[in-house]
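So you can see what is in the structure, the chains are spelled out below.
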Amino acid sequence: MTTYLLEETISNLRSGGVVSILSLVTIMLTTIIVSVLVLLHNAIRAEVTAIKDATAIIVFLHDDISENEQQRLQFDIEDLEMVERVVYVSKKQALARGQQIFNEFASIVQGFELVNPLPASLEVHLKDEALEQQTLRKTAGYIRVMSEKIDEVTYEQFTSTFIRRAEFGILGLGGIMGVASIIIVAFSVVLTVYFRREEIEILRLVGASSWYVGLPLITQGGILGASGSLLGVTTTFVLFRALTTQFRTLSFIPFHQTALIVLVSTVFGLLASIFPTLKYADV
Amino acid sequence: MGVNQSWTNKSFSVVGVYIVHLTPAALYFRLSLRPKFKDQSTMIQAYNVNMCYKEDIQVLHDVSFQVQKGEFTFLVGESGAGKTTILRLLYRGLVPTNGELVVAGRNLSTLSKSEIPHFRRQIGVVFQDFKLLSNKTVQENVAISMKVMGIRRSEIRNNVNQLLHQMSLVHRRDAYPEEISGGEQQRVAIARAMANNPTILLADEPTGNLDPKLSLEIMRLFENFNFRGTTVLVATHDIALVRQLGRRVIRIQEGQSIEV
């Protein structure tokens, strides 16, 4: 049975000709796009975690702010509903951080020790639910008018709203490509049934069961899905390795996600071939 | 009195219905008119079969006939008389508009879709246009009906060799249908039909494209299979050939069957 299945599936793929190749290429391209989207998604997710750990709003203070006023402002900000905690960063601490950041180019900040131009600041950490563009803007605006000794208030632009939209976009694009793949695989199977209609008819006439006729066609869809996605993932990996020699911080899609992409593609291929097999092969 | 008379009439009519429709004698009488579906000696039973295409084109009108087990029968008639339709009905390629068909002990009107493949494995069919797979060799074409049954490769190989030898096609085993003559194609089709040792062999105009000598040769092959116990039903319009063989004939004329 396995030999028959393999022989017939290969024969079906050969009968499909250009359409089989087209299906394979479409699935491969879809997988490349989905893989890139997953890479993007993973990178964004990593950013989200970084944002959650980092400061959402930074309140830069005037150099002449008194300690009392700084403490009062800190308490007032901490009293705000969306605020989780507030950390004071003195001018000295800011310089130390600067030196740490510019470690390799220490000469740039060497002269700063005499006349420190970096301002003291309050780092405002917000609760998770407040990490939205609108809430951030509102909270930053509210803090801005709390004291005249505030020089500037900056807030994180790369917020969860952006993340959500990006995720939605990724899902949408992935979905569209997935549907396109399903349609083309289904089309490929329909065409195979059309090319082999005479053979299918003869098989039915000599007593072939529905499984005998239908299984190679469904397997064809599965094989298209699996091989197309494997080609896609491999191509993405090769491209990734070639393009990311400069950006070593990025890592490729983890194995479990790669396996999931191939698995989903195979299942989609199988599902896409069931309907045309049932309808056109009279199985 | 009037009421009593009315009651009496009613009771008579009830009794009448009983006598006409429900008495054991009436039931026996009625049942005797029905085909004996369980009759093992009858291989094909057609009972008042009607076939309409697209509602208004009636091809068969109340066709009834029987073919006994081990019989060699010809189905004759002009082109378009309905011979091919009858054969298609017999291998369940078509469903009659009404009437009943019992083939190899199976009532075709109660046959489910999933039972059709198993039913067809008992029947060998030789089609008018041969229906050979153009992308498969002679031996692959013969093997196909055994492959669908899941028979082991070694067994298939042996059976195919035997059949090809019997059909004098051994030297053509690796040829494709388009590379062999019409007579050879016909023999491949017969070999495929006989590959599973069917209980019934249906042949639709098997000599339609052959010369008289080859036609007779093909018929001798059928006779050979029939001699070994296969029930053979051959649809043909070649009256000369039918006369030559002197077998039982069922004539289809204007969609109706006439025993000759």
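Our structure is the block above this text.
Read on for an overview of the structure.

**Considerations on the pairing of strand 6 (residues 123–126) of chain B**
In the case of a regular strand, side chains alternate between the two sheet surfaces.
All names here are of chain B.
Moving on, step 1. Going residue by residue along strand 6, you find I123 and V125 tucked away on one face and G124 and V126 tucked away on the opposite face as well.
Moving on, step 2. For strand 6 and strand 7 (residues 200–204), the ladder comprises 4 bridges, and the chain directions are parallel. Paired with G124 across the two strands is L201, which belongs to strand 7.

**Concerning the pairing of strand 7 of chain B**
Residues and elements named next belong to chain B.
Moving on, step 1. Counting buried positions along strand 7 yields 5 of 5 residues, so the element is predominantly enclosed.
Moving on, step 2. Residue alternation in strand 7 divides its side chains into two sets, I200, L202 and D204 and L201 and A203, and both sets are buried.
Moving on, step 3. The sheet contact formed by strand 7 and strand 8 (residues 231–236) spans 5 bridges and is parallel. Within strand 8, the position partnered with L202 by the bridge is L233.

**Points about the sheet that holds strand 1 (residues 57–61) of chain A**
All names here are of chain A.
Moving on, step 1. Ordered in space as 2-3-1-4, the 4 strands form an open sheet in which the pairing is antiparallel. Looking at which strands have only one partner, the edges of the open sheet turn out to be strand 2 (83–89) and strand 4 (150–155). When strand polarity is set aside, the average angle formed by the axes of neighbouring strands in this sheet is 15°.
Moving on, step 2. Bridge analysis of strand 1 against strand 3 (residues 121–126) gives 4 bridges, and the strand direction is antiparallel. Across the sheet, I57 pairs through a bridge with V124, a residue of strand 3.
Moving on, step 3. Contacts from helix 4 (residues 91–101) reach strand 2 and strand 3, with the element oriented near 90° to strand 2.
Moving on, step 4. Strands in contact with helix 6 (residues 133–144) are strand 1, strand 3 and strand 4; relative to strand 4, the strand with the most contacts, it is inclined by about 175°.

**Observations regarding the interface of chain B and chain A**
Moving on, step 1. Between chain B and chain A, the contact holds 17 residues from the first and 16 residues from the second.
Moving on, step 2. Carbon and sulfur atoms make up 56% of the area that chain B and chain A hide from each other, which totals about 1600 Å².
Moving on, step 3. The tally of links from chain B across to chain A stands at 4 salt bridges.
Moving on, step 4. Note that A:E7 is salt-bridged to B:R153, the shortest N-O span being 3.0 Å.
Moving on, step 5. The interface formed by chain B and chain A includes 4 residue pairs in polar contact (both at pLDDT 80 or more).
Moving on, step 6. For the side of chain B that touches chain A, the secondary structure elements donating two or more residues are helix 4 (116–120) and helix 5 (138–147) of chain B.

**Concerning the pattern of salt bridges**
Residue and element names in this part refer to chain A.
Moving on, step 1. All chains considered together, the criterion is met by 15 salt bridges over all chains.
Moving on, step 2. Between K91 and D63 there is a salt bridge, and its shortest N-O distance comes to 3.3 Å. Here K91 is found in helix 4, whereas its partner D63 is found in the loop between strand 1 and helix 3 (67–78), with 28 residues between them in sequence.
Moving on, step 3. We classify D63 as exposed; its relative accessible area is 58%.
Moving on, step 4. Between R97 and E123 there is a salt bridge whose closest N-O contact spans 2.4 Å.

**Notes on the nonpolar core**
Moving on, step 1. Core analysis: the biggest nonpolar cluster contains 39 residues, and B:F74, B:V126, B:I190, B:L201, B:M219, B:F222 and B:V234 have the highest contact counts within it.
Moving on, step 2. Every element with two or more residues in this core is listed here: strand 3 (72–76), helix 5, helix 6 (153–166), helix 7 (182–194), strand 7, helix 8 (212–227), strand 8 and helix 9 (239–245) of chain B.
Moving on, step 3. Looking at this core, the element that brings in the most residues is helix 7 of chain B, giving 6 residues.
Moving on, step 4. With near-sequence residues (within four places) excluded, B:L201 lies in contact with B:G124, B:V126, B:A193, B:M194, B:F222, B:F225, B:T230, B:T231, B:V232 and B:L233.
Moving on, step 5. Among the nonpolar cores identified, the runner-up in size contains 35 residues, and A:L205, B:I116, B:F127 and B:L202 belong to it.

**Considering the packing of aromatic side chains**
Residues and elements named next belong to chain A.
Moving on, step 1. Applying the stated criterion across every chain, the model contains 4 aromatic pairs over all chains.
Moving on, step 2. For the ring pair F237 and F252, a centre distance of 5.0 Å and an interplane angle of 75° mean the geometry is edge-to-face. Taken together, the residues F237 in helix 9 (residues 210–243) and F252 in the loop between helix 9 and helix 10 (255–280) connect sequence positions 15 residues apart.
Moving on, step 3. What makes F237 partly exposed here is its relative accessible area of 34%.
Moving on, step 4. The buried category is assigned to F252, whose relative accessible area is 18%.
Moving on, step 5. Ring geometry for F240 versus F252: centroids 5.2 Å apart, planes at 55°, classification tilted. Taken together, the positions of F240 in helix 9 and F252 in the loop between helix 9 and helix 10 put the pair 12 residues apart, joining distant regions of the chain.

Scoring rules and cut-offs
Residues numbered from 1 in each chain as written. Chains lettered and ligands numbered in written order. Predicted model: local features only at pLDDT ≥ 70, side-chain atom pairs only at ≥ 80, totals over all residues. Heavy atoms only, no water. Buried < 20%, exposed > 50% of the residue type's maximum accessible area, 1.4 Å probe, protein only. Helix = DSSP H or I, 4+ residues; strand = E, 2+ residues; numbered from the N terminus. Pairing = 2+ DSSP bridges. Axes fitted to C-alpha atoms, helices over the stretch in contact; angles between N-to-C directions. Contact = heavy atoms within 4.5 Å. Buried area = accessible area lost by both parts, 1.4 Å probe. Salt bridge = Lys/Arg side-chain N within 4 Å of Asp/Glu carboxyl O. Polar contact = N/O pair within 3.5 Å; in protein donor to acceptor, adjacent residues only side chain to side chain. Core = buried A, V, L, I, M, F, W, Y, C linked by side-chain atoms within 4.5 Å. Phe/Tyr/Trp six-rings, centres within 6.5 Å; stacked < 30°, edge-to-face > 60°.

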